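For reference, the chains in residue letters:
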Amino acid sequence: MQTSFSFVQVFSTSWEMFSVLFVLVGMGQISNYVAAFVLGTEILGKSIRIIFCTLGVCIFYAFGYMLLPLAAYFLRDWRTLLLALTLPGLLCIPLWWVIPESPRWLISQGRFQEAEAIIRKAAKMNGITAPDVILDPIEMQDLNSQKQQAYTILDLVKTQNIRTVTIMSVILWMIISVGYFGLSLDTPNLHGDIYVNCFLSAVTEVPAYIISWLLLRNFPRRYSMAAALFLGGCVLLFIQLVPAHIRALSILLVMLGKFGITSAFSMVYVYTAELYPTVVRNMGVGASSMASRLGSILSPYFAYLGAYDRFLPYILMGSLTVLSGILTLFLPESYGMPLPDTTEQMLTVKGLKYRPACNSTRVSSDEEENPVILKSTAF
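Residues numbered from 1 in each chain as written. Predicted model: local features only at pLDDT ≥ 70, side-chain atom pairs only at ≥ 80, totals over all residues. Heavy atoms only, no water.

Q: An account of the environment of Met 225 is requested, with residue identities and associated values reported.
A: Checked against the element boundaries, Met 225 lands in helix α10 (residues 221–238). Taking the relative accessible area as the measure of exposure, Met 225 reaches 0% and is therefore buried. Separated by 101 residues in the primary sequence, Met 225 and Ile 326 place their C-alpha atoms 9.8 Å from one another. Residues in contact with Met 225, not counting those within four places in the same chain, are Leu 172, Ile 176, Ala 264, Met 267, Val 268, Tyr 271 and Thr 328. (Helix = DSSP H or I, 4+ residues; strand = E, 2+ residues; numbered from the N terminus. Buried < 20%, exposed > 50% of the residue type's maximum accessible area, 1.4 Å probe, protein only. Contact = heavy atoms within 4.5 Å.)

Q: So, the packing of aromatic side chains: which residues are in play, and what are the values?
A: Aromatic rings considered in pairs are described by the distance between their centres and by the relative angle of their planes. One pass over the full model with this rule turns up 16 aromatic pairs. Judged by centre distance (6.0 Å) and plane angle (25°), the rings of Phe 265 and Tyr 269 are stacked. In this pair, Phe 265 and Tyr 269 both sit in helix α11 (residues 247–275), four residues apart, roughly one turn of the helix. Considering the side-chain rings of Tyr 301 and Tyr 304, the 6.1 Å spacing of their centres and the 90° angle between planes classify their relative orientation as edge-to-face. Remark: Tyr 304 and Tyr 301 occur in helix α12 (residues 281–304); sequence separation between them is three residues, near one turn of the helix. In this structure, Tyr 301 and Tyr 304 share a single accessibility class: exposed. In textbook terms, an aromatic cluster arises when at least three aromatic residues are bridged by ring pairs, as seen for Tyr 33, Phe 37, Tyr 61, Trp 173, Tyr 180, Phe 181, Phe 265 and Tyr 269. (Phe/Tyr/Trp six-rings, centres within 6.5 Å; stacked < 30°, edge-to-face > 60°.)

Q: Go over the pattern of salt bridges with me, naming the residues and quoting the values.
A: Once the charged atoms of two side chains with opposite charge are near each other, the side chains can pair. Per the counting criterion, the structure on display carries six salt bridges. Of the charged contacts, one joins Glu 116 and Arg 120 as a salt bridge, the two residues approaching to 3.0 Å between their closest N and O atoms. Residue Glu 116 and its partner Arg 120 are located together in helix α6 (residues 112–125), separated by four residues, close to a single helical turn. Between Arg 222 and Glu 333 there is a salt bridge, with its nearest N and O atoms 3.6 Å apart. Linking Arg 222 in helix α10 with Glu 333 in the segment after α13 (312–328), this pair joins segments that are 111 residues apart in sequence. Since its relative accessible area comes to 21%, Glu 333 is described here as partly exposed. (Salt bridge = Lys/Arg side-chain N within 4 Å of Asp/Glu carboxyl O.)

Q: Break down the side chain of Ser 212 for me, with residues and values.
A: Mapped onto the elements of the fold, Ser 212 is located in helix α9 (residues 194–218). By relative accessible area, Ser 212 is classed as buried at 0%.

Q: Requested: an account of the nonpolar core, with residues and values cited.
A: One finds Phe 37, Ile 176, Met 225, Phe 265 and Val 268 to be the most contacted residues of the largest nonpolar core, which totals 61 residues. Of all the secondary-structure elements, those providing two or more residues to this core are α2 (15–43), α3 (46–74), α8 (160–186), α9, α10, α11, α12 and α13. For this core, the leading source of residues is α11, giving twelve residues. The contact partners of Phe 265, leaving out residues within four places of it in the chain, are Trp 173, Ile 176, Ser 177, Tyr 180, Phe 181, Ser 292 and Arg 293. (Core = buried A, V, L, I, M, F, W, Y, C linked by side-chain atoms within 4.5 Å.)

As structure tokens, then:
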């Protein structure tokens, strides 16, 4: 959807046609991004998952971001530029035959044979001898005897705990998105060449993603995200104190603020995916990502406020970013915990009373965070 409508967009004959096609391209792009992120989160073991979510997904996002101003500098015609940015989408077609389905999702849907086949194939590729019994027959019999429940978007607000997580995630993603895209769109308003500023804004994201990987690997999620958000927000609030003639310092502070917010944006994907159970994880991350799109819709208006007051956008974005850092501290901690598979296994939001269901099962973190019915094979 993303690539096809981008090709059609090259031949737009009016601004209205271009805009409608851009909506369809955007729908395909964000759906593609979220689905790929969730698939990688579920199919990879915990030792690889953090690297995939930060150095894998996000750094290549930054590389694409850096290519954008370079391509725009040499390709000034918008049709040629759009065509050049669309062609790489064709590289996704062969992935249909390369990337397997998520075993976690297959198991949640009762498709045990397909899940076991994927696990055995992964074990063979990794040089691991798979056990004779991968899926526990007793667990399979219990799951087969139960009617497979169809989950909808309403399940994100069905119980108090998951409803609170959803509301807090939606607010958090929206505020982070306002700061991230607001600063990205504000780069042309900075002093200097717009192409260079855009490139520097993209380069800033590389160390931000590396730092987010190190934080996610070694420190609790809540404190890591809160620290990144406090850094980004406080720096943006400090910009108004910089004298107007010290332009280099202002640009440095903007990039430092972008650094903190970008780190938080990278970590919030991982954090949200770890909070939601397998049965609704794709919908949970998708709903949060949709909220971030609302934030990105609002972000240009924050940048436009600079026409009335040069510091007003930074004051607003900085204040909201600090508030989002405070909100993060109320989310449950998922560091070192296995991925939940059912809503009963979800971690509890601080302050909520929670009594786990008697049949809910948890596994220790040294079991590679695979579901309880998976034995020893890990990806």
